[in-house]
Every structure is written in C-alpha cells, then in structure tokens.
Amino acid sequence: MIEEGPAEVESLLRDLVGIPSVNPRDRADGDGGETAVAEYVREWLAARDITSEVQEVLPGRPNVVAVVPGLGAGTVVLETHLDTVEVDGMTVDPFGGEVRAGRLYGRGACDAKGPLAAFLLALAELAAGDPPPCSVVLAGVCDEEHAYRGVLHLLDTLAERAVVGALVGEPTGLVPAVAHKGVVRYTARTTGRAGHSSRPSEAVNAITLMAPVIARLAAAPPSVPPHPLLGPATRSITRIRGGTGPNTIPDRCEVDIDRRTLPGEDLDSVWRADQAELAALGAEVDPPFTVDPALDIPAGAPVVIALCEALADHGRPSMVHGMPFGTDASKLARAGIPSVVFGPGSVTDAHAAAESVDVAEVALASRIVVDTVRRMRGTPCD
C-alpha cells in the first residue's frame, strides 16, 4: 500500500491549484481553459506508470481519462472536474497554494482540485497494489462550472463499459450524498416606453412593471412537497438589469431566475408553470438557458453501500445525505450509472474569497476511495 504523507498530498494539491483553469464560459476573451491542468494530470499519472488520454471536448477544453484494469467485467468511475469559477474578489492568492494551519488556499482548492487530488492518489494506490475487483476509470472533465459538456462527452467514452457505479468528487465534507437538487434558470422581461425622467407620466417604467413580478417571486415559493434529504424547492432572483441612465425612464427590465428543483419534478413543466404565472403579471419569460436534472439514487446501490462501509471503517459518519448544489452525478445517473457525490472540503468554502481545503482531509478521502473500490463486490466486478 502506498502511504502518501502530508508533504506529498500538499505538493500535489499545490501544483493543481497553481495551474489556472478558470472556466471561460464560452467567452472569446476567457482567461482559462482546462488544457494545462489536464496535461499535468496526464504527466503525474505517467510518472506512476498509469496510462491516460487527454480528449479534446471543445477547442482548448479537454477531459483527461485514465484506466486501471480490474479483475472483473465491471467498471467503477471516479469523476470530478478540472475547471474552476472566476477569481475576482479573492482575498488570497488564487494560484499560490499557501498553507496555513493545515489548510491549503487558492481557487479550486475545495471545488474541485481537492477531490481531484484525492482521486489521483487513490488511483495511484490501486494501480500499485493487487488488481482491484473492478476496473477503475478516473475522469477529470471540463466545463462542469458552466454547461457540463465534459461529463456528456465522458458518457460517450464509457458507452462500451459495464459501469456499476461512480464516485463524483465534490466538497461534501466526507459524507456520502445520494441526492441533490436540479435547476431551471431563465430570464423574465418587462417592456415599457422610454422617456425623460422629468416627465414620467409620458413614459412607461419597465422597472415599475417588474415590481409585482419580483414581489410574487419573493412571496410564493414553489408549491411542491419537500424532499426528505433536500428540503423544499426554491426560486430565487439572481440578477437584474434595467435602465440606461439616471435621467431616463427605462423601457426594459430583465431578471434572471434560479429555480432549484427536486427529484421527480419535470423540468419542462416547471418552466411552463413559471411562464404562465409570470405572464399573468405582465412579464415575458424566455426559454431556460440552463436546465439540469436532480439526483436521487437508492441508498442500497452497491457503490453507496461500499462507500458507507469504508467510511464506517475509518470512523467517519456513514449516513447518506442530500446536497443543495448540482453536480455531474445527475448526468451520470440519468445515463443509468448509480452515482454518489463524495469528497473533502465544505461547499461553504467553494467559490469563496478565501477558498481552502484541509490537506489531511484530502489524504483521508483518498484512503476512503481506495477502500470503497476494493469493496465493490456483489456486482459484475466479481
């Protein structure tokens, strides 16, 4: 068994954080992309005699995929993402990897280069020891923070494999998450008539027209029963745009709305219901610009049982949880792959101005992942 000491874990994590991989979100002037970190992962694995492939998904936007063969016909997937959100407003060096009191700071330390480091360490240990019961595919994918095109490409890569389960690396505080919310995001718009602010009666103020829409969204949460692990569905205004100058009555106002959905909700029906509700208040509602399903997998899935047993063996809580944020797991699950979200770090540190992760927790996560894979029995891996 490989025992990676704190210095080795810290070095790997610092290297990953030190490589900018900000998701450009389709901007021509984007300041990131995942190529450099994908190449680093490939070279790190090659130094440990693990073959991997860098697969271009979009121009300059690759996945990196590695395989450790196992004894059985099945495959376990370790999937996490290479991209990060922007660095604006950070209060620490986003790429410095400074360590204070056992925590490493920088953009992506928590979301999701901490989980990526844990998965890399786990794969290296599995490759160095006896063959695991299943083949293990490690996938670092692009574009999770925007349009999740990396995981959709990965599904094509996995099409010929008998995948029996997946661990999706995200900051869950080392608890197993078998459910998370989905999302429908759309824009609502009111249209008025512009005019001089000294003669408001001769204009129609689009911001004033938006006021009852905003009041309705604030006062009327979605009327669906709460989920036992996720609680209620939610609906939030996340952005507002309106007006052209301080002395002009605006003829246009737009709000972006984030509707968090629960397992079992039909996403198209959610949008159509909101469209009818807000249209009755005078708003035009655009088709969604983001649609992402919720996750809800059985707690009795073999990958969940294996993870919970590994957690218990390490003295960690093993009760399944739900998470409010979305992940690539919902896309894997929709394709028939039971997927549990798991990793070091807390979501409260993700995207934060001083994002960080506990280095020791990353090391522990890697050991738990190794034990989880080795427990994948009672599946096609046998």
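On a predicted model such as this, the values are computed, not experimentally measured, just so you know.

Chemist: Can you walk me through the overall build of the protein chain in this structure?
Modeler: The helix and strand inventory of the protein chain stands at nine helices and 19 strands. Computed over its C-alpha atoms, the radius of gyration of the protein chain comes to 23 Å, within 12% of the 21 Å expected for a compact globule of 382 residues. For the protein chain, the C-alpha atoms occupy an extent of roughly 80 × 40 × 40 Å along the three principal directions. A total of 382 residues make up the protein chain; the buried ones form 52% of that total. Taking as baseline every contact in the protein chain between residues at least 6 positions apart, the subset at least 24 positions apart corresponds to 80%. Roughly 15600 Å² of accessible area belongs to the protein chain as shown, and the carbon and sulfur atoms make up 53% of that amount.

Chemist: How should I be thinking about the layout of surface pockets in this particular structure?
Modeler: Over the atoms rolls a probe the size of a water molecule, and in doing so it shows where empty space is left. Considering only enclosed or pocket space, the largest pocket measures out at about 1000 Å³ in volume. Around the largest pocket sit 32 residues that line it, and Arg25, Glu145, Arg185, Arg260 and His351 are the ones nearest its centre. If you list the elements that add at least two residues to the lining of the largest pocket, you get strand 9 (182-191), strand 11 (234-242), strand 13 (252-261) and strand 15 (290-292). When grouped by side-chain class, the residues that make up the lining of the largest pocket number 10 nonpolar, six polar and 16 charged.

Chemist: Help me understand the packing of aromatic side chains in this model?
Modeler: Within a pair of aromatic rings, the relevant descriptors are the distance that separates the centres and the angle that separates the planes. Evaluation of the coordinates by the stated rule reveals zero aromatic pairs. Between Lys331 and the ring centre of Tyr148, over which it is positioned, the NZ or CZ distance is 4.4 Å.

Chemist: Teacher, can you tell me more about the packing of helix 1 (residues 6-17) against helix 3 (residues 113-128) here?
Modeler: When two helices pack together, their arrangement is captured by the angle between the axes and the distance separating the axes. In contact at an axis separation of 9 Å, helix 1 and helix 3 are set at 130° when each is read in the N-to-C sense. Here helix 1 lies oblique to helix 3, going by the angle between them. Relative to helix 3, the crossing made by helix 1 is right-handed. Across the interface between the two elements, Val9, Leu12, Leu13, Leu16 and Val17 of helix 1 pack against Lys113, Gly114, Leu116, Ala117, Leu120 and Leu121 of helix 3.

Chemist: Can you walk me through unusual backbone geometry in this structure?
Modeler: A cis amide bond links Asp111 to the next residue, Ala112, at an omega of 5°. Summarising the element assignment, Ala112 is placed in the loop between strand 5 (103-105) and helix 3. A positive phi angle is found at Tyr148, which is not glycine, with a value near 45°. Even without glycine at this site, Leu174 takes up a positive phi of about 65°. Given a relative accessible area of 0%, Leu174 falls into the buried group.

Chemist: Got a minute to help me understand helix 1 in this structure?
Modeler: Turn by turn, an α-helix covers 3.6 residues, leaving residues three or four places apart pointing in a common direction. Counted at 1.5 Å a residue, the expected span for helix 1 with its 12 residues is 16 Å, and the 16 Å between its end C-alpha atoms agrees. Along helix 1, the positions that sit buried rather than exposed are Val9, Leu12, Leu13, Leu16 and Val17. When helix 1 is viewed along its axis, its buried side chains cluster within an angular range of 130° and face the same direction. Of the surrounding secondary structure, the elements contacted by the buried residues of helix 1 are helix 2 (35-46), strand 5, helix 3, strand 19 (356-358) and helix 9 (359-374).

Chemist: Got a minute to help me understand the environment of Arg260 in this structure?
Modeler: Inspection of the secondary structure assignment puts Arg260 in strand 13. Through-space distance from the C-alpha of Arg260 to that of His314 is 34 Å; in sequence the pair is 54 residues apart.

Chemist: I would appreciate a short explanation of the side chain of Glu79 in the present structure.
Modeler: Tracing the sequence through the fold places Glu79 in strand 3 (residues 74-81). Buried within the structure, Glu79 lacks any salt-bridge partner; Lys331 is the closest side chain of opposite charge, at an N-O distance of 8.3 Å. Those residues within four positions of Glu79 in sequence are excluded, and the remaining contacts are Phe119, Ala139, Val141, Val151, Leu154, Leu167, Val168, Gly169, Asp328 and Leu332.

Scoring rules and cut-offs
- Counting restarts for each chain, with residues numbered from 1 along the sequence as it is written.
- Predicted model: local features are reported for residues with pLDDT of at least 70 only, side-chain atom pairs are reported and counted for 80 or more only, and whole-chain, interface and lining totals are derived from all residues.
- Only hydrogens and water are set aside when side-chain values are computed; all heavy atoms of the structure are taken into account.
- Comment: elements are numbered from the N terminus, with helices defined as DSSP H or I runs of at least four residues and strands as E runs of at least two.
- The reference for a compact globule is 2.2 Å times residues^0.38; the radius of gyration itself is calculated from the C-alpha atoms.
- Each residue is assigned to one of three classes by its accessible area relative to the maximum for its type, calculated with a 1.4 Å probe on protein chains only: buried under 20%, partly exposed between the two thresholds, exposed over 50%.
- In what follows, a contact means two residues having at least one pair of non-hydrogen atoms within 4.5 Å.
- The method behind every accessible area is Shrake-Rupley, applied with a 1.4 Å probe, and residues are considered shielded solely by the protein chains displayed.
- Of the two site types, the cavity is a set of points on a 1 Å grid over the protein atoms alone where a 1.4 Å probe fits but cannot get out, and the pocket is an open set with protein on both sides within 12 Å along at least five of seven lines, each lined by residues with an atom within 4 Å of a point.
- Grid points are joined across faces, edges and corners, and a volume is the space filled by probe spheres set on the points.
- The residue classification treats Ala, Val, Leu, Ile, Met, Phe, Trp, Tyr, Cys and Pro as nonpolar and Asp, Glu, Lys and Arg as charged. All others, Gly included, are polar.
- Note on aromatic pairs: the rings of Phe, Tyr and Trp (six-membered ring only in Trp) are paired at centre separations within 6.5 Å, and the planes decide the class, stacked below 30 degrees, edge-to-face beyond 60, tilted for the rest.
- Note on geometry: a ring has a charge over it if NZ (lysine) or CZ (arginine) is within 6 Å of the ring centre and within 35 degrees of the ring normal.
- The axes are straight lines fitted to the C-alpha atoms, using for helices just the contacting stretch, and the angles between their N-to-C directions are given from 0 to 180°.
- Each angle gets one of four labels, with under 35 degrees taken as roughly parallel, over 145 as roughly antiparallel, 65 to 115 as roughly perpendicular, and the rest as oblique.
- Helix crossings are classified by the rotation of the near helix relative to the far one: an anticlockwise turn of less than a right angle makes the crossing left-handed, while a clockwise turn makes it right-handed.
- Each residue after the first adds 1.5 Å to the expected span of a helix.
- Throughout, the arc means that of the directions going from the helix axis to the C-beta atoms.
- By the counting rule applied here, Lys and Arg register as positive and Asp and Glu as negative, while His and the ends of each chain are not counted.
- Throughout this description, the term salt bridge denotes a Lys or Arg side-chain nitrogen within 4 Å of a carboxyl oxygen of Asp or Glu.

Taken by themselves, the reported measurements are silent on function.
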